[in-house]
Amino acid sequence: MNVINKESFDISRRRFLIGAGAATSLALFGVNPIVKAMDKAGYTTTASVNSGQWVATTCNGCTSFCAKQVYVQQGRALHIRGNEFSKVHGTSSCPRQYIALQEQYDPDRLAQPVLRTNPKKGRDIDPQFKPISWDSAIALIADKIMALRESNETHKYVALRGRYSELSDVLIKNFTQVIGSPNDITHSALCAEADKLGSFFTEGDWGYRQYDIQDTRYILSFGVDPLSANRQVSYYCSEWGNTLDKAQVAIVDPRYSASAAKADEWLPIEPGQDGALGLALAHQVLVLGGWHKPFVGDFNDGINRFIANRDVDENTFNELHTHGLVHWWNSVLKTCTPEWAEPLCGISKQQIERLAIKLVDAAPRVQIWRSRGVQMQHRGAYTAMTLHALNGLLGAIDQEGGVLKWNSVPANKIPSSKKYVDEIGANGLKHEKIDRRGRLEFPALKEGKSGGGVVTNAVAQSILEADPYLPKVVLGYFNNFSFSAPGAKRWEEALTKVDFVAHITTNVSEFSWYADLLLPAPHFMFERWGIQKTSGNRYSQLSITQPLVPAMGEIHEDECGIPWLIAKELASRGFTEPLDYLTQEFRDPETGKSPTSPQEIAEYATKIVTQPLWDPQMYKSGDRFSGWEEFRQKGIWNSEPYLFRARWSHMKTATKKFEFYSDTLKLALEKHAKKHHVGVDEVMQATGYTATGEKAFMPHYEPPFRYGDPKQYPLLLVDHKSRLNREGRSANTPWYQNNLDIDPGSRKNADVAKINPIDANALGIQDGDPITITSEQGSIHCTASLFEGVRPGTIAKAYGQGHWAYGRIASDKFGAKARGGNNNELLPPAYERLSGSSAFYGQIGVRVEKA
Ligand SMILES: Nc1nc2c(c(=O)[nH]1)N[C@H]1C(S)=C(S)[C@@H](COP(=O)(O)OP(=O)(O)OC[C@H]3O[C@@H](n4cnc5c(=O)[nH]c(N)nc54)[C@H](O)[C@@H]3O)O[C@H]1N2
Ligand SMILES: Nc1nc2c(c(=O)[nH]1)N[C@H]1C(S)=C(S)[C@@H](COP(=O)(O)OP(=O)(O)OC[C@H]3O[C@@H](n4cnc5c(=O)[nH]c(N)nc54)[C@H](O)[C@@H]3O)O[C@H]1N2
Ligand code: SF4
Ligand SMILES: [Mo]
């Protein structure tokens, strides 16, 4: 039988394991998938130089989603560069683009469907996966869906989405809907929902920002390391040098990041105290009279009455494009002096005063950046609002050299399956969603709507407690929640409770380990259709991915193709609506043909969504194309350049203004409270906030919640992304492991925690020592790196290592021993509840010992 086992990590044995009995091994394809693909492509070693071509696609290594061109020769992807047609990043790139090649040609990739043969589930239990055919795999999923329909339990089907392209609305949203389940659960609450909350409740935009770094004079970053992470790393990497010539940069982060290393100033703040610093800066800006008058307005007589600890008469100030400034001052800011902030945030009064002067001098050509690090915290919502309000005060919103929204992209949405839902499905859709969104303690106020957002990490709890119910079928797509979610082990336990778990994945991951069926996924960048958007340099772009090399195995397109295969099987059993939806709504916009294969439906879906961009008859704005073929070849559409100040007094907030006193949040909280027959104070309490009364509607100080008794867990953990992390997906590549010293304080081929020599000496820890880090949640092992670039009292560790599955390089021993430690086994499953986000940061107490 064509199977492999845990022992098969040994590269020399790998090829010989075929037929070695029913145990889970790595080379699940039988022959090396690379060899197979080369066979298909007719590859010869005598290929002549320059006989290939550059093909457009998109990198999905991080949320920058850069448009790329890949050099393809004889069916092999050999080289990658930025897409010259991009107005956002052009040909530039970040340091991790090439790792995509090693992901694509990873010999440990799953290359055909496999079925679990061991009914027992656990980390130490070999699933004993054995290959099965695609037909059998799809039939098995159809069996499970039909059984749910027969028992009127279609709501017990749960689709989990990790990373994705816009086409995932087929598999996750609409396919789930048409089979009658409300449970289309995305990873957004593990990603950065609290960030969007900060913009929404001040300027009415549930989205991310771009920063006009060409014309700026001052960049103040709260935890963002734009040379490593965040959005549009390629553009910022290529332009940052020029920016440093023209502007000053200050990085607030307990950790000395790559960007801090290039900045004018590094402010190693006490974790979780960015709100205090932000409020003190806002206070100082007002006291100095430095707010941007053309945006905010002024006192009627031009005399500044913002004096510390003194109220201001609202009638004396005439606000222009903002709302509630004086109210905010009187209720919150007047007491937020630098003296008040200093002991909280650990940044001196003098430094705060100096920063404020710099901001005022540079305004409105300033920009305040904010990362997940300061917002995805237990009480992070008001920090997100505070820091964005600073942009408002300084007039940086929608301004040259300031902070911009993403330009809009006039693409179509994926067609809805709503009208295809039958009676059984409609009953299923009435059930509460599995993630508890909208409950009193989970407002998840996406776009101001109670329960409008997702609470991804609550799903594990819901499964464990069978509340609101125990799902029977879980389909995981492009996700690895038993690795990527705080309190990761809860997911392992939860998945053992579910009857049937399927996973669509390129690699046998920590999530796959608990699955019953694995479907091999195409690599997102090289083997399938897809759509991504990004923004920077005053433009937005939409770019596509397309299949450009033969797939590494028996692989079908996943976001549209797999639902189409399942729908065909369901139709053969008399449940025709899913197939009706897919065949009727996904016709080729050029020929009107219905799809006949997984690849075709994905291509048609790509054409449907992008048609307003490439069809000359539908032209709206931005780049022009003669038709689909030209667009496909270029692979990218660019928007019009940014229109500055167009949104001033036209924001999508309750008052249409930029809100310092958020009427928008007030409305949202009051509606949520009313739904639960309580007041807003009770909502604050249920969500773990300390505010009472009107403070709930304004940026204000919230003390960070500390996990773990300081006596037992004296140090604070600072989690961060490595420059080489392509989310949780790059760890099985040599180019990742061999180059990790690209991060300040890190080492090649090691998983290090960076500890200040002051703390290390007190603990008797030397550089290179193996250490154990323990929190209330769990323990991990890694290596100590003594590094002055962490604030004493904190320990910084990149997320990304600690895989115990995924492949022979990612783990020490596949399925048996982790390589380094996974930070998510230390982090508690905590939440920022107003957005539904998981809380990865703040004050996470840990103990560090020599192992
Ligand atoms: N401690 C800590 N945890 C974090 C973060 C952090 O900074 N620190 N970051 C968080 C953030 S911002 C995010 S967005 C989440 C991401 O977390 P997830 O959404 O869970 O995504 P990944 O961990 O990248 O896992 C994706 C999985 O999909 C499969 N896969 C890999 N490549 C492909 C492919 O090309 N196609 C398909 N179909 N499947 C593939 C593999 O099984 C892989 O494990 O992680 C979060 N977790
Ligand atoms: N290299 C790389 N880049 C990526 C990704 C990746 O996997 N790898 N993933 C992409 C994804 S999915 C997302 S969502 C974005 C997220 O990008 P960002 O929103 O910018 O967030 P992170 O980099 O996750 O934020 C963590 C940062 O906050 C700092 N930090 C931690 N605690 C605190 C604190 O209390 N105060 C302050 N001031 N700083 C703190 C950490 O040192 C770290 O620099 O990045 C994207 N870019
Ligand atoms: S990893 Fe991110 S920044 Fe780097 S090329 Fe890919 S999408 Fe762009
Ligand atoms: Mo993310």
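Note that this is a predicted model, so its numbers are computed, not measured. (Residues numbered from 1 in each chain as written. Chains lettered and ligands numbered in written order. Predicted model: local features only at pLDDT ≥ 70, side-chain atom pairs only at ≥ 80, totals over all residues. Heavy atoms only, no water.)

1. A short note on the overall build of the protein
- In terms of regular secondary structure, the protein is built from 28 helices and 32 strands.
- A compact globule built from 851 residues should have a C-alpha radius of gyration of about 29 Å, and the protein, at 27 Å, falls within 12% of that.
- When burial is assessed residue by residue, the protein has 65% of its 851 residues classed as buried.
- Nonlocal contacts in the protein, meaning residues at least 24 apart in sequence, comprise 71% of its contacts between residues at least 6 apart.
- Roughly 28000 Å² of accessible area belongs to the protein as shown, and the carbon and sulfur atoms make up 49% of that amount.
- Positive and negative side-chain charges in the protein, numbering 96 and 95 respectively, have mean positions lying 2 Å apart. (Helix = DSSP H or I, 4+ residues; strand = E, 2+ residues; numbered from the N terminus. Rg over C-alpha atoms; globule rule 2.2 N^0.38 Å. Buried < 20%, exposed > 50% of the residue type's maximum accessible area, 1.4 Å probe, protein only. Contact = heavy atoms within 4.5 Å. Areas by Shrake-Rupley, 256 points an atom, 1.4 Å probe, with all protein chains shown as cover. Lys, Arg positive; Asp, Glu negative; His and termini not counted. Charge placed at Lys NZ, Arg CZ, Asp CG, Glu CD.)

2. Re the packing of helix 10 (residues 274–287) against helix 13 (residues 338–345)
- Where helix 10 contacts helix 13, the two axes come as close as 9 Å, and the packing angle between them is 165°. Judged on the interaxial angle alone, helix 13 and helix 10 are roughly antiparallel. Helix-helix and strand crossings are classified by hand; for helix 10 and helix 13 the assignment is left-handed. Here helix 10 contributes Ala276, Leu277, Leu279, Ala280, His283 and Gln284 to the contact with helix 13, which in turn contributes Pro338, Trp340, Ala341, Leu344 and Cys345. (Axes fitted to C-alpha atoms, helices over the stretch in contact; angles between N-to-C directions. Parallel < 35°, antiparallel > 145°, perpendicular 65-115°, else oblique. Left-handed = near helix turned anticlockwise from the far one by under 90°.)

3. Let's talk about the domain arrangement of the protein
- Splitting the protein by domain gives domain 1 (16–104), domain 2 (114–191 + 411–638), domain 3 (209–405) and domain 4 (706–850).
- A combined buried area of about 750 Å² lies between domain 1 and domain 3, and 47% of that area is made up of carbon and sulfur atoms.
- On the domain 1 side of the contact with domain 3, Thr63, Ser64 and Val88 bury the most area, a combined 46% of that side's loss.
- At the boundary of domain 1 and domain 3, one finds 0 salt bridges.
- Run the count over domain 1 and domain 3 and you get 5 residue pairs in polar contact (both at pLDDT 80 or more).
- Split into classes, the residues belonging to the side of domain 1 that touches domain 3 amount to 4 nonpolar, 5 polar and 2 charged. (Domains from an automatic or database assignment. Buried area = accessible area lost by both parts, 1.4 Å probe. Salt bridge = Lys/Arg side-chain N within 4 Å of Asp/Glu carboxyl O. Polar contact = N/O pair within 3.5 Å; in protein donor to acceptor, adjacent residues only side chain to side chain. Nonpolar A, V, L, I, M, F, W, Y, C, P; charged D, E, K, R; others polar.)

4. A word on the packing of helix 5 (residues 168–178) against helix 21 (residues 561–572)
- Interaxial distance between helix 5 and helix 21 falls to 10 Å at its minimum, and their mutual angle equals 35°. Here Val170, Leu171 and Phe175 of helix 5 come into contact with helix 21, specifically with Pro563, Ile566, Ala567 and Leu570.
- Class assignment of the residues belonging to the contact of helix 5 with helix 21 gives a composition of 7 nonpolar, no polar and no charged.

5. Thoughts on the site of ligand 2
- Inspection of the region around ligand 2 gives 35 residues, with Asp253, Asp274, Ser722, Asn725 and Glu727 positioned closest.
- Between ligand 2 and the protein, one listed contact pairs an oxygen atom with a side-chain N or O atom of Ser371 at 3.3 Å.
- In the complex, the protein chains occlude 98% of the 920 Å² of accessible area that ligand 2 would expose alone.
- Looking at the shell around ligand 2, the elements with two or more residues in it are helix 15 (372–375) and strand 25 (715–721). (Near = heavy atom within 4 Å.)

6. Thoughts on helix 16 (residues 381–393)
- Counted at 1.5 Å a residue, the expected span for helix 16 with its 13 residues is 18 Å, and the 18 Å between its end C-alpha atoms agrees.
- In the segment just after helix 16, Gly395 is the residue with positive phi, at about 70°. (Expected span 1.5 Å × (residues − 1).)

7. Some thoughts on the pattern of salt bridges
- A full pass over the atoms with the stated rule returns 52 salt bridges.
- Ionic pairing is found between Glu203 and Arg647, a salt bridge with its closest N-O pair at 2.6 Å. Pair noted here: Glu203 is in helix 7 (residues 193–203) and Arg647 is in the loop between strand 22 (636–638) and strand 23 (658–659), with a separation of 444 residues, a long-range link. The pair formed by Glu203 and Arg647 is uniform in burial state, with each residue classed as buried.

8. Re unusual backbone geometry
- Pro364 follows Ala363 through a cis peptide bond whose omega is 5°.
- Here the residue pair Asp467 and Pro468 is connected by a cis peptide bond, since its omega of 10° sits within 30 degrees of zero.
- The backbone of Phe478 shows a phi angle near 55°, a positive value even though the residue is not glycine.
- Along the chain, Phe478 falls in the loop between strand 17 (473–477) and helix 19 (481–484).

9. Looking at the site of ligand 3
- Taken together, 14 residues are adjacent to ligand 3, and Cys59, Cys62, Cys66, Cys94 and Arg96 come closest.
- Of the residues assigned to the shell around ligand 3, the class counts are 6 nonpolar, 5 polar and 3 charged.

10. Some details on the packing of aromatic side chains
- In total, this model carries 41 aromatic pairs according to the counting rule given.
- For the ring pair Trp513 and Phe814, a centre distance of 5.7 Å and an interplane angle of 90° mean the geometry is edge-to-face. One end of the pair, Trp513, is in the loop between strand 18 (500–505) and strand 19 (517–520); the other, Phe814, is in the loop between strand 29 (794–799) and strand 30 (830–832), with 301 residues separating them in the sequence. For the pair formed by Trp513 and Phe814, the shared burial category is buried.
- Taken together, Tyr211, Tyr235, Tyr236, Trp240 and Trp369 form an aromatic cluster joined through their ring pairs.
- Positioned above the aromatic ring of Trp291, the side-chain terminus of Lys293 is 4.4 Å from the ring centre.
- Above the plane of the ring of Phe85 lies Lys634, whose end atom (NZ or CZ) is 5.3 Å from the centre. (Phe/Tyr/Trp six-rings, centres within 6.5 Å; stacked < 30°, edge-to-face > 60°. Lys NZ or Arg CZ within 6 Å of the ring centre and 35° of its normal.)

11. A short note on the confidence of the model for the protein
- The predicted model of the protein has a mean per-residue pLDDT of 95, with 95% of residues at 70 or higher.
- pLDDT under 50 marks residues 1–21. Its contacts with residues more than four places away, or in other chains, come to 64 contacts. (pLDDT = per-residue confidence, 0-100.)

12. What about the sheet that holds strand 20 (residues 530–536)?
- The sheet built from 3 strands is open, its strands ordered 20-21-22 with antiparallel pairing. Of all strands in the sheet, those bounded by a partner on one side alone are strand 20 and strand 22. The mean inter-strand angle of the sheet, taken between neighbouring strand axes irrespective of direction, is 15°.
- Pairing analysis gives 3 bridges linking strand 21 (residues 539–545) to strand 22, with the strands arranged antiparallel. Residue pairing in the sheet places Gln541 in a bridge with Asn638 of strand 22. (Pairing = 2+ DSSP bridges.)

13. Side note on the environment of Leu197
- Relative to the elements of secondary structure, Leu197 occurs in helix 7.
- Measuring from C-alpha to C-alpha, the distance between Leu197 and Leu78 comes to 41 Å, with 119 residues separating the pair along the chain.
- Contacts of Leu197, omitting those with residues within four sequence positions, involve Trp206, Ala381, Met385, Glu832, Leu834 and Ser835.

14. Some details on the nonpolar core
- Membership of the largest hydrophobic core comes to 89 residues, with the highest contact counts inside it found for Leu281, Phe306, Trp328, Tyr382 and Leu669.
- Among the elements that take part in this core, helix 10 stands out by supplying 8 residues, more than any other.
- Once residues within four sequence positions are removed from consideration, Leu669 is found in contact with Tyr382, Leu445, Val680, Val683, Met684, Ala696, Phe697 and Leu834.
- Counting 60 residues, the second largest nonpolar core, distinct from the first, contains Trp134, Ile172, Phe500 and Trp637. (Core = buried A, V, L, I, M, F, W, Y, C linked by side-chain atoms within 4.5 Å.)

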